[in-house]
Amino acid sequence: MVNLKKTDILEALKEIKVSGNQQNIVEAGYIKNLQVFGDQVDIDLSLPNPTLQARKKTEVAILKIIHQKVYEKAKINIKVQVMAPSKPTTVKLRGKSIDGIDSIIAISSGKGGVGKSTIAANMAVTLSKMGLRVGLLDADIYGPSVPTMFDLEGERPLSVRVNGKEKMEPLENYGVKILSIGFFTKPSQAIIWRGPMASKALHQLIFDAAWGKLDFLLVDLPPGTGDIHLSIVQAIPLSGAVVISTPQHVALSDARKGIAMFQQENISVPVLGLIENMSYFTPEELPDNKYYIFGMGGAQKLAEDKKVPFLGQVPLVQSIREASDFGRPASLQDQGSIVESFKNITRNMVHELLKRNKDLPPTKVVEITTMTGCQAIKEMP
């Protein structure tokens with residue numbers, strides 16, 4: 001009976017190298033276990049390259065070298081596993097601050113139809129009426145509505161040269177500088193883009209624009225949590241996020257996910273607060289009555305549960321919808337309960353931003369760990 005020596009086998013294996021590594025498979029630590037029983041050799045191999053071709057190539061090389069250098073009739077059993085990376089692989093976009101802009105606030109919602117863009121438009125106008133320099137970026141790539149709300153449908157930004165570079169000059173109305181993908185498409189045109197195309201377009205709207213000096217840039221995000229949201233947190237350091245919801249359970253369930261996205265450890269954008277839209281309905285003929293059509297106090301309870309500030313309520317009023325459709329946000333009115341509602345939530349947002357700036361360091365651009373679909377499913381709670 002032939003008794004092979006472990007030292008002879010290891011010496012032979014030192015002649016094998018794996019593509020991408022200057023060390024041989026023994027020195028690189030790819031041999032995790034080697035057992036020899038007479039003429040039988042059992043090898044546990046761990047490789048960094050997960051492809052089937054790489055595994056087969058290494059297995060063939062091991063069989064060939066042992067048969068040539070040690071014993072031509074050796075019985076060889078090889079088990080191969082893919083080496084887990086020592087640390088997650090990260091993808092970095094060109095994250096950077098925007099010169100001249102003090103605070104960037106994301107306006108988000110867990111689901112569509114809760115009035116997120118209406119709130120964003122009216123907050124922008126309210127900030128402008130306070131004497132602040134304000135910009136509004138319509139990042140809702142697939143459903144841009146800001147051009148309609150600011151009576152800018154059919155308009156198109158002009159090109160302007162800044163420091164020797166051609167930039168888009170945001171359109172301006174009611175004291176707010178505005179950019180939207182809606183300026184570059186026809187009203188009836190559907191935007192059918194995959195995530196990378198949408199992200200690239202958004203990147204151009206952010207960095208290829210001559211925003212000038214702004215106290216606030218509000219970013220009206222699309223509903224949900226997806227590519228655009230990741231692109232935003234990877235591209236620019238957000239000062240904070242505001243989440244919009246209506247009081248009913250379905251909307252609150254999605255708002256909870258929206259808050260969780262910003263609070264996720266590898267994103268960690270401060271949530272400045274939650275706003276409840278369409279809180280109640282008061283008919284003109286019954287000004288003292290409040291009808292809680294979608295439920296009562298749901299967003300405030302969610303804010304308490306998630307330990308985020310509650311910024312206030314906006315009632316369900318026909319004139320808000322009419323003003324948005326007409327292209328003149330309701331907060332442009334001189335006075336009234338609606339104007340007071342928007343003043344209240346905007347002041348509360350600014351107050352929370354000042355607290356955030358005092359208590360927390362500046363938000364950094366996010367590094368998102370890449371994850372395969374299978375990995376994502378495994379990590380789902």
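Structure: above.
The structure displayed is predicted, hence computed values, not measured ones.

Here the focus is the nonpolar core. Counting residues in each nonpolar core, the largest one holds 83 residues, and the members touching the most others are Phe 150 and Met 349. Looking at this core element by element, the count peaks at seven residues for helix H3 (residues 116–129). Once you skip the residues sitting within four places of it in the chain, Met 349 turns out to touch Ile 105, Met 123, Leu 127, Phe 216, Val 242, Leu 272 and Leu 311. Grouped together as the second largest cluster of nonpolar side chains are 20 residues, Leu 4, Leu 13, Ile 62 and Ile 78 included.

Now for the packing of helix H7 (residues 249–263) against helix H8 (residues 298–306). Following both chains from N to C, one finds H7 and H8 inclined at 30°, their axes separated by 11 Å at the closest point. In this structure, H7 crosses over H8, and the sense of that crossing is right-handed. Taking contact as the criterion, the partners of Leu 252, Ala 255, Arg 256, Ile 259 and Gln 263 in H7 are, on H8, Gly 298, Ala 299, Leu 302, Asp 305 and Lys 306. Among the residues forming the contact of H7 with H8, the class breakdown is five nonpolar, two polar and three charged.

This part covers the packing of aromatic side chains. According to the stated counting rule, one finds two aromatic pairs in the structure shown. An angle of 40° between the planes, with centres 6.0 Å apart, marks the rings of Phe 150 and Tyr 174 as tilted. Of this pair, Phe 150 sits in the loop between helix H4 (146–149) and strand S7 (158–162) while Tyr 174 sits in the loop between strand S9 (171–173) and strand S10 (176–180), and the two are 24 residues apart along the sequence. In this structure, Lys 290 packs its charged tip against the face of Tyr 280, placed 4.5 Å from the ring centre.

Next up on the list: unusual backbone geometry. Positive phi, close to 55°, is recorded for Tyr 174, a residue that is not glycine. Judged by its relative accessible area of 22%, Tyr 174 is partly exposed. With a phi close to 60°, Lys 307 is a non-glycine residue in the positive phi region. Within the secondary structure, Lys 307 sits in the loop between H8 and strand S14 (310–316).

Inspection of the secondary structure puts Lys 17 in the loop between helix H1 (6–13) and strand S1 (31–37). Measuring from C-alpha to C-alpha, the distance between Lys 17 and Glu 27 comes to 9.6 Å, with 10 residues separating the pair along the chain. Apart from residues lying up to four places away in sequence, Lys 17 is in contact with Gln 22, Gln 23 and Asn 24.

The rules we used
Residues numbered from 1 in each chain as written. Predicted model: local features only at pLDDT ≥ 70, side-chain atom pairs only at ≥ 80, totals over all residues. Heavy atoms only, no water. Core = buried A, V, L, I, M, F, W, Y, C linked by side-chain atoms within 4.5 Å. Buried < 20%, exposed > 50% of the residue type's maximum accessible area, 1.4 Å probe, protein only. Helix = DSSP H or I, 4+ residues; strand = E, 2+ residues; numbered from the N terminus. Contact = heavy atoms within 4.5 Å. Axes fitted to C-alpha atoms, helices over the stretch in contact; angles between N-to-C directions. Left-handed = near helix turned anticlockwise from the far one by under 90°. Nonpolar A, V, L, I, M, F, W, Y, C, P; charged D, E, K, R; others polar. Phe/Tyr/Trp six-rings, centres within 6.5 Å; stacked < 30°, edge-to-face > 60°. Lys NZ or Arg CZ within 6 Å of the ring centre and 35° of its normal.

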